[in-house]
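What follows is the residue order along each chain.
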Amino acid sequence: MANQVIAHIGLGANLGDREASIRTALERLGDTPGVRIDAVSTLRETDPVGGPPQPKFLNGAARLETCLGPEALLEIMHVLEVEAGRDPEDPPNHPRMLDLDLLTYGDLRIEKKGLQLPHPRMWDRAFVLQPLAEIGCRLPDRVDSSQIEEISEPAQLVARTASWRSEGLKIGFVPTMGALHEGHASLMRLARRDCDRLVVSIFVNPLQFGSEKDLQTYPNSPEDDRAILRQEAVDLVFTPSVDALFPSGFASKISVGSEAEGMEAASRPGHFSGVATVVARLWLLVNPHCAYFGRKDAQQFAVLRRLHVDLALSGEILACPIIRDGDGLALSSRNQHLRGDDRQAATVLFKALNRCRELYLAGERRKTQLLTPALELLAAEPRCHLDYLELRAADSLDELGEVIEMPPQALLAAVIGESSASGTRLIDNMLLAAEAG
Ligand code: AMP
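Figured I'd write up the structure that's included with this text. Computed from a predicted structure; not experimentally measured.

A few words on helix α11 (residues 298-310). Note: α-helices contain 3.6 residues per turn, so residues at a spacing of three or four share the same orientation. Between its terminal C-alpha atoms α11 stretches 18 Å, which fits the 18 Å expected from 13 residues at 1.5 Å a residue. Along α11, the positions that sit buried rather than exposed are Ala298, Gln299, Gln300, Phe301, Ala302, Val303, Leu304, Leu307 and His308. Check the buried side of α11 and you find it contacts α9 (264-267), α10 (271-286), β12 (290-294), β13 (316-320), β15 (408-416) and β16 (424-431). One or two positions beyond α11, positive phi appears at alanine 312, with a value near 50°.

We now examine the packing of helix α13 (residues 347-361) against helix α14 (residues 367-379). In contact at an axis separation of 8 Å, α13 and α14 are set at 155° when each is read in the N-to-C sense. Classed by the angle they form, the pair α13 and α14 counts as roughly antiparallel. As α13 runs across α14, the sense of the crossing is right-handed. Contacts between α13 and α14 involve Val348, Leu349, Lys351, Ala352, Arg355, Cys356, Leu359 and Tyr360 from the former and Gln369, Leu370, Leu371, Pro373, Ala374, Leu377 and Leu378 from the latter. Here the contact of α13 with α14 is built from residues that sort into 12 nonpolar, one polar and two charged.

Take the packing of aromatic side chains next. Evaluated as defined, the whole model comprises four aromatic pairs. Centroid distance phenylalanine 209 to tyrosine 218: 5.6 Å. Interplanar angle 80°. Geometry classified as edge-to-face. Each member of the pair phenylalanine 209 and tyrosine 218 is classed as buried. Measuring from centroid to centroid gives 4.8 Å for phenylalanine 246 and phenylalanine 250, while their planes differ by 65°, and the two rings are edge-to-face. Looking at phenylalanine 246, the relative accessible area reads 9%, which means it is buried. Judged by relative accessible area, phenylalanine 250 falls into the partly exposed class, the value being 34%.

Pairing is parallel across the open sheet formed by six strands, whose spatial order is β8-β11-β10-β9-β12-β13. Bordering the open sheet on either side are β8 (149-151) and β13, each of which pairs with just one other strand. On average, each strand axis in the sheet is tilted by 25° relative to the strand beside it, whichever way the strands run. Across two bridges, the pairing between strand β9 (residues 171-176) and β12 is parallel. Paired with glycine 172 across the bridge in β12 is cysteine 290. Its contacts with the sheet put helix α5 (residues 182-194) on β9, β10 (197-202), β12 and β13, and the angle it makes with β12 is roughly 155°.

Around the ligand, 16 residues are found, and the nearest of them are His184, Gly294, Asp297, Ile323 and Leu331. Between aspartate 297 and the ligand, the recorded distance is 2.6 Å, taken from a side-chain N or O atom to an oxygen atom. Notes on the ligand: free accessible area 480 Å², of which the protein chains cover 93%. Where the shell around the ligand is concerned, the elements lending two or more residues are β9, α5 and β12. Ranked by residue count, the leading element in the shell around the ligand is α5, at three residues.

With six of six residues buried, β10 lies mostly within the body of the structure. Taking every second residue as pointing to the same face, both faces of β10 are buried, with Arg197, Val199 and Ser201 on one and Leu198, Val200 and Ile202 on the other. Pairing geometry for β9 and β10, over six bridges, is parallel. Each residue of the ladder has a partner; that of phenylalanine 173, found in β10, is valine 199. Regarding the hand of the β-α-β motif, the stretch spanning β9, α5 and β10 is right-handed. Judged from the three bridges that link them, β10 and strand β11 (residues 236-238) form a sheet pairing that is parallel. Residue pairing in the sheet places valine 200 in a bridge with valine 237 of β11.

On to the nonpolar core. Formed by 30 residues in total, the largest nonpolar core has its most connected members in Leu349, Leu378, Leu391 and Ile416. Among the secondary structure elements, those contributing two or more residues to this core are α13, α14, β14 (384-393), β15 and β16. Top contributing element to this core by residue count: α13, with eight residues. When near neighbours in sequence (up to four residues on either side) are disregarded, leucine 391 contacts Lys367, Leu370, Leu371, Leu400, Ile404, Gln409, Ala410 and Leu432. Among the nonpolar cores identified, the runner-up in size contains 28 residues, and Val199, Phe238, Ala291 and Leu307 belong to it.

Rules of the game
- Within each chain, residue numbers correspond to sequence positions counted from 1 in written order.
- For this predicted model, a pLDDT threshold of at least 70 governs which residues receive local features, and a threshold of 80 or more governs which side-chain atom pairs are given and counted, while totals over whole chains, interfaces and linings are taken from all residues.
- The basis for every side-chain value is the complete set of heavy atoms in the structure, and neither hydrogens nor water enter the calculation.
- Segments assigned H or I by DSSP are reported as helices when at least four residues long, segments assigned E as strands when at least two residues long, and all are numbered from the N terminus.
- To estimate the expected span of a helix, subtract one from its residue number and multiply by 1.5 Å.
- Think of it in three bands: with a 1.4 Å probe and only protein chains considered, a residue is buried below 20% of the maximum accessible area for its type, exposed above 50%, and partly exposed in between.
- Contacts were defined at the residue level, with two residues in contact if any of their heavy atoms lie within 4.5 Å.
- Note on definitions: angles span 0 to 180 degrees between N-to-C directions of axes, and those axes are lines fitted to C-alpha atoms, for helices only across the stretch in contact.
- Small angles under 35 degrees read as roughly parallel and large ones over 145 as roughly antiparallel, with 65 to 115 read as roughly perpendicular and the rest as oblique.
- By convention the crossing between two helices is left-handed if the near helix lies anticlockwise of the far one by an angle smaller than a right angle, and right-handed if it lies clockwise.
- Following the grouping adopted for this structure description, the nonpolar residues are Ala, Val, Leu, Ile, Met, Phe, Trp, Tyr, Cys and Pro, the charged ones are Asp, Glu, Lys and Arg, and the polar ones are all others, Gly among them.
- Between the rings of Phe, Tyr and Trp (Trp by its six-membered ring), a pair exists once the centres lie within 6.5 Å; its type follows the angle of the planes, with under 30 degrees stacked, over 60 edge-to-face, and the other angles tilted.
- Two strands qualify as a pair provided that DSSP identifies no fewer than 2 bridges between them.
- Residues are classed as near a molecule or strand on a simple rule: at least one heavy atom within 4 Å of it.
- We define a polar contact as two N or O atoms separated by no more than 3.5 Å, with the added condition that, inside protein, one atom must be a possible hydrogen donor and the other a possible acceptor, whereas residues neighbouring each other in sequence contribute only through side-chain atom pairs.
- Exposure was quantified through the Shrake-Rupley algorithm and a 1.4 Å probe, taking into account, for residues, occlusion by the shown protein chains and nothing else.
- Crossovers are marked right-handed if the path from the first strand over the helix to the second runs clockwise, as seen with the strands pointing away from the viewer.
- As used here, the term nonpolar core means buried Ala, Val, Leu, Ile, Met, Phe, Trp, Tyr and Cys residues forming a set that is joined through side-chain atoms within 4.5 Å.

This is how it looks when you write it as structure tokens:
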């Protein structure tokens, strides 16, 4: 083959007939003009890394000789994944019928949206390294993903993101308050998928806290945060001080519309004004092409979507799926405060939302009948002190009549603990319509 390049690909599957999917894909790849399969490793069973609870994987690696370019090769690999039954819309780290990763392509080093070579996470994964070693792959030097740029001065951030923009790079932004977990990581992964550069901010925003105690006890775990930022190949972390973001004399506050009425706003006066003010401030500094927020904070998302339109903030605002623990509890930085029996008690929130959903899917459309069994479940858990459980129109969060005529979303907040004064306040929500995840 003329101009041939040696490439290595990772093979994986954890649904269906795993071995058959991998072997079929290899055959199809080998039949592709311009591709010759040179060596295939043993397929070995491995534990899943990240994502929801899921079956074990079968993993391996293959060496190819190819005269196709890396983009063309990757495109063919994506087609083979879809042919094997993988849904391209599935979030990262979800179970899949087939997973083909382009790990190396000659000596090429490239970092852009959808194509990073060598594959940035290959050095961390035994299920990649072992089969590569078996087929005699000499590992390329590690891409030093520990080099995350850290900026805490707003002016420096503006300069950096402006220079990226001028190079035509697409910037993704994930604002957080730190104490990062898999929910935050999922947002970063979606941003990484869409964008050339990924900015994460870590800022515990005093404007959105009602009580000084809540602010002071908000979890923080800087070292664990760094590990997640590295794992997700974040390019830049913005960690401003309160004074840097809100210097003395800063007096403007954004007042938000009807999206910020009821539910969270009723219990936390001024909360959404604080959220909107900090997000607008950060957004104008980063000037992203895409900013990612979790559906976990559904009312917050409704407020920010309004803000994005009203202030004509740059780019797109995207809502990302809620990431839950195996028992359904939505991941939250505040879950760290759940001690002993509280962790188990907190699962009642998911159970109650699920109960609403089951009844809705069974055809119930009367609001009271949808809510009552969930309220009973919540009331039966002595450690759960309910703040609200409401049914609203999905996404818009408009109020609904007694008979539900449009796809609804159930939203709740409760304090979990021995008493409502000493416990941990958690929120959660669920889309009730059939297609909701
Ligand atoms: P926070 O650090 O709590 O301000 O959250 C930062 C972003 O992460 C927000 O957009 C949240 O909605 C999102 N987020 C927090 N928890 C989850 C979760 N369990 N699933 C998905 N997104 C989440």
